[in-house]
Amino acid sequence: MENRPGMIDNPIPVHDNARSRRFADRLTRRVVTACGVAILLVMLLLFFWLIWVVIPLFSAPGFQNVGEIKLDSHSQSVALGTDKVQRWGWRIDQDGRGQFISLEAQNAALPQPTSDQRPQLQSEPTLQLQPQTLLAGPVRAASSADNLTTLLLDNGGNMLLVRPDFSLPQKPQWAFPLGDIPVASGDAGAGQISVAQSAENRWVVALAGTDRITLWQLQPQQPAQNTNLTISNVNQLLLSPDGGLLFTLSGSQLRVWTLGEGAPTLRDAVTLPRPAKSLALLSGGSSLLVADDRGISQWFDIASADGPHLRQIRDFDGARWQPLLFGEAHRRVFATLSPQGELKLYASKQQGAILTRQLSAGIQRAQFSPEGDGLLVEREGNWQHYRMQNPWPDISWRSLWQKVWYENYPEPDYVWQSTSANDYYQGKYSLVPMVVGTLKAAALAMLFATPLALAAAMYTAWFMSPRLRRWVKPAIEMMGALPSVVIGLIAGLWLAPRLGDKLSGVMLLPLMLAAVLLLCSWGRQKLPPRWRRRWLTEGREVVVLLPLLLLTGLFCLWIVPMVEQAIWGQVWADRLSSGYQQRNLLVAGVAMGFALVPLIFTLAEDAIFSVPASQGQGSLALGATQWQTLTRVVLPGASSGIFAALMIGFGRALGETMIVLMATGNTPVTDGGLLQGLRSLAANVAVEMPEAAAGSAHYRILFLSALVLLVFTLVVNTIAEIVRQRLRQRYSQQEVQG
């Protein structure tokens, strides 16, 4: 068979070429699929890792029985406690004897050392050291707020300060801050006692008799000084941890006394609605607990015109007075123990009990460990030791998202006030100020950027000549490569000081620029064809457009402020200076809007330019103007892309860090106006994460902030994608029908 013209003698092996192409296609498809799956797995891993870090914040407190210890003495204790690591426990009984008991060698029957034996270092401590008589009994006792110093008072009115010394872990001993010789008070009939350490090596002691209260100032190697306060029938008295305040309870009469160098002064006298059963102070001494037949209420000082005054804040849900009401040394946590052994644990920022346990009945005394991670319970003849896991008692979902009434604040509020110290400090971790700041900054940035970007996109894609578009579009896209830290630096150091006297013009500028761009597009169609062909073709429109934009900027930034100053004069300047902060929401909005313009412009311009040319040409052929074609044909067809551009810009604004960090002052407030500072979630994480202690509440709440930002971004993008798909489906159906 003869070859036809155009045929070759050696044809291409089609089957070999197809096999190699199929192999390349399969390989490419698998590589792309693997990369996509890897990205999804990384996102899921990041999401679940954030959740794993955050979950412990909301875990329930743990409570574990370590064991029981038999006591050598059956005399009831008047004070007890443990060391920080819960290796040793100590107790002082009614006979004035102090004893150290091992919490590690529980139930181990080891021999007791005699008095003539020298102490020897051992690998394991003995169970119970020999009791030591501190003050001849019977005695009464009161402990300081940190439970480190105990005041002993015998029936003769002799006072002695003692404290456990654990400097030698194998051999704890008793220390006497004022010496081991008791101080004679002369108040043999004192019914209520209290002690506080007001300074280093200085203590304040309050003794309540039948008709008076005696206040003692005690210092080493200094004579004791006392002051009498005439008041009778005192049921209970408490000294604040620093010894600056004295709380006295007489039936239903609660009084607060201010102590200082001079005579005590009565600051508050409050008549309670019901006689109180007992008083207790939370850690720090700012909150007072008042227990009566109805429950337990929290009181603290509120500032007023004539100074701070004690005020009832709230009642704890389900809390009832019990004979044992005691608190932790360093955190605002307290517990109640009923005679039947019902234990309830409360925190100052929680509504109700955070832990409820049923223990055995017959408990005589209980005390938290210094770190709050243990509980020591004494019954007749034995101790019960419990381990507790309650690292963040103040953190709850409510405290993060609702108003909380913090100590000494005039009212409930959203407050963010963290610390990098430790979890003893009652941090204020409301996320609402950062969420509000994030939304405000993003909304204002979008308000500034959207008119400029969309107007520029419509003009560039529809009205600008192709030759000029090839220069303008890449130039604007290159603006998007400008680092945000540079924009933030310019906004914070240059824009912020100059924005104060041009506020109205700056706020008017984006609207005026967008209006001028659109008016130029509309006015171009109204010009005679001869003028359009001569001046507004082949890129010549820029000669007219740029001067108009410059004149618009000059009008907004120079003429408008000058007119305002001429009309309002010094009144306007004074009002502006009184309410203007250089780093504020307006500065951040302008700077972020400038950063968002290239992103929104690029995506919106591509969406408009990608609308099939046949649609626009058909509209023009039917007699519609270019403006009518743009607004009624092109923009609806590009609506899904424009909406996607706006949502991507909004997502970028939500996650913006450096501009907000450098231009807003980082003030975590919720009610600030346009000229006030703010703080966003992203900026908050960037600022405070380097200072947060790993594993602390502050550390985990910052991770929660990142998780909230991630979830919020995912939700916004999901909603945007759903709306975009519906818009695309709607206008594609209209196109098919047309």
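So, a few notes on the structure that sits alongside this text. Computed from a prediction, not measured in an experiment: that's the story for all the values here. Along each chain, residues carry numbers from 1 onward, in the same order as the chain's sequence is written. Totals for whole chains, interfaces and linings use all residues, but because this is a predicted model, local features are given only for residues with pLDDT of at least 70 and pairs of side-chain atoms are given and counted only at 80 or more. Side-chain descriptors were evaluated using all non-hydrogen atoms of the structure, hydrogens and water having been removed beforehand.

### What to know about the overall build of the chain
Filter applied, for reference: The secondary structure listing takes helices from DSSP runs of H or I that are at least 4 residues long and strands from runs of E that are at least 2 residues long, numbered from the N terminus. Working definition: with a 1.4 Å probe on protein chains only, accessible area under 20% of the residue-type maximum means buried, over 50% means exposed, and in between means partly exposed. Contact criterion: two residues are considered in contact whenever any of their non-hydrogen atoms come within 4.5 Å of each other. Only the protein chains shown count as cover for residues, with accessible areas throughout obtained via the Shrake-Rupley method and a probe of 1.4 Å.
When you go through the chain residue by residue, the secondary structure sums to 16 helices and 31 strands. Expressed as a percentage of the 738 residues in the chain, the buried residues total 45%. Counting contacts in the chain only where the partners sit at least 6 residues apart, residues at least 24 apart contribute 59% of the total. Carbon together with sulfur atoms contributes 58% to the accessible area of the chain, which is approximately 37300 Å² in total.

### Considering a nonpolar patch on the surface
Where we set the bar: A patch consists of residues exposed above 30% relative accessible area that lack any salt bridge, with like charges linked at up to 9 Å and nonpolar side chains (Val, Leu, Ile, Met, Phe, Trp, Tyr) linked at up to 5 Å. Salt bridge, as used here: a side-chain nitrogen of Lys or Arg that lies within 4 Å of a carboxyl oxygen of Asp or Glu.
The grouping of M479, L482, V485, V486, I490, W494 and F594 at the surface amounts to a nonpolar patch, some 600 Å² of accessible area in total. When residues of the nonpolar patch are assigned to their parent elements, the largest contribution, four residues, is made by helix α5 (residues 484-499). Considering the arrangement of structural elements, one finds I490 in helix α5.

### Quick look at a positive patch on the surface
Basically, it comes down to this: The charged-residue count follows a simple rule in which Lys and Arg add positive charge and Asp and Glu add negative charge, with His and chain termini not counted at all. Where a charge sits is defined by one atom per residue type, namely NZ (Lys), CZ (Arg), CG (Asp) or CD (Glu).
Where like charges cluster on the molecular surface, the positive patch consists of R21, R22, R26, R29 and R30. One can find R22 in helix α1 (residues 14-54).

### Considering the environment of Q358
Test applied: Any N or O atom pair separated by 3.5 Å or less is treated as a polar contact, with the protein-specific requirement of one donor-capable and one acceptor-capable atom, and with residues adjacent in sequence counted only for side-chain atom pairs.
Along the chain, Q358 turns up in strand β26 (residues 355-358). Here Q358 falls in the exposed class, since its relative accessible area comes to 55%. A sequence separation of 18 residues divides Q358 from Q340, and the C-alpha atoms of the two residues are 8.3 Å apart. In contact with Q358, other than residues within four places in its own chain, are Q340, G341 and E342. Within the structure, the side chain of Q358 is placed 2.8 Å from the backbone oxygen of Q340, a separation counted as a polar contact.

### Overview of the pattern of salt bridges
The final tally for this structure, using the stated rule, is 15 salt bridges. As a salt-bridge pair, E378 and R91 come within 2.9 Å of each other at their nearest N and O atoms. Within this pair, whereas E378 is found in strand β28 (residues 374-379), its partner R91 is found in strand β3 (residues 88-93), the two being separated by 287 residues in sequence. In this pair, the class of E378 matches that of R91, namely buried. K473 serves as the salt-bridge partner of D606, at 3.3 Å between the closest nitrogen and oxygen. You can see D606 sitting in helix α10 (residues 585-609) and its partner K473 sitting in helix α4 (residues 466-479), a full 133 residues away along the chain. Taking the relative accessible area as the measure of exposure, D606 reaches 35% and is therefore partly exposed. Residue classification places K473 among the buried positions, given a relative accessible area of 11%. Taken together, the shared-partner salt bridges in this structure form one network comprising K473, E477, E605 and D606.

### Examining the packing of aromatic side chains
Here is the rule we go by: Aromatic contacts are taken between Phe, Tyr and Trp rings whose centres are within 6.5 Å, Trp giving its six-membered ring; a plane angle under 30 degrees counts as stacked, one over 60 as edge-to-face, and the others as tilted. Placement of a charge over a ring requires the Lys NZ or Arg CZ to be within 6 Å of the ring centre, with the centre-to-atom vector within 35 degrees of the ring normal.
Evaluation of the coordinates by the stated rule reveals 16 aromatic pairs. An angle of 80 degrees between the planes, with centres 6.4 Å apart, marks the rings of F300 and W405 as edge-to-face. Here F300 is found in strand β21 (residues 296-302), whereas its partner W405 is found in the loop between α2 (397-401) and β30 (416-417), with 105 residues between them in sequence. Three or more aromatic residues link up through ring pairs in this structure, and these residues are W90, F100, F166 and W174. Looking at K277, its charged tip hangs above the ring of W321, at a distance of 5.5 Å from the centre.

### Digging into the pairing of β21
Filter applied, for reference: DSSP bridges decide pairing: two strands pair if at least two such bridges lie between them.
Of all seven residues in β21, seven are buried; the element is thus mostly enclosed. Across five bridges, the pairing between strand β20 (residues 287-291) and β21 is antiparallel. Bridge pairing in β21 links A291 to I296. Count of turn residues in the β20/β21 antiparallel hairpin: four residues, of which G295 carries a positive phi of about 160 degrees. As paired strands, β21 and strand β22 (residues 309-315) are joined by six bridges and run antiparallel to one another. Counterpart to F300 in the pairing with β22 is R311.

### Some remarks on unusual backbone geometry
For N201, which is not a glycine, the phi torsion comes out positive at approximately 60 degrees. By the secondary structure assignment, N201 is in the loop between β11 (192-199) and β12 (202-208). Assessed through its relative accessible area of 40%, N201 is described here as partly exposed. Positioned with a positive phi, Q221 is a non-glycine residue whose angle comes to about 55 degrees. Within the secondary structure, Q221 is located in the loop between β13 (212-218) and β14 (225-230).

### A closer look at the layout of surface pockets
This is how it is decided: Think of a 1 Å grid over just the protein atoms. A cavity is a set of points where a 1.4 Å probe fits yet cannot get out, a pocket is an open set with protein on both sides within 12 Å along at least five of seven lines, and lining residues have an atom within 4 Å of a point. Grid points are joined across faces, edges and corners, and a volume is the space filled by probe spheres set on the points. In this count, Pro and Cys sit with the nonpolar residues alongside Ala, Val, Leu, Ile, Met, Phe, Trp and Tyr, while Asp, Glu, Lys and Arg are called charged and the others, Gly among them, polar.
Looking at the largest pocket, its volume works out to about 1400 Å³. Lining the largest pocket are 50 residues, with S143, Q236, L238, L325 and R365 positioned closest to its centre. Secondary-structure elements contributing two or more residues to the lining of the largest pocket are β2 (77-82), β6 (139-143), β11, β15 (236-239), β19 (278-281), β23 (324-327) and β27 (363-368). Tallied by class, residues from the lining of the largest pocket come to 28 nonpolar, 18 polar and four charged. Within this model, the second largest pocket holds a volume of roughly 1200 Å³. Forming the walls of the second largest pocket are 35 residues, and the residues nearest its centre are L452, M479, L509, L513 and F594. Sorting the residues of the lining of the second largest pocket by element identifies α3 (432-463), α4, α5, α6 (503-526), α8 (541-568) and α10 as the ones contributing at least two each. In terms of residue count, the dominant contributor to the lining of the second largest pocket is α5 (seven residues).

None of the figures reported here should be taken as evidence of function without further support.
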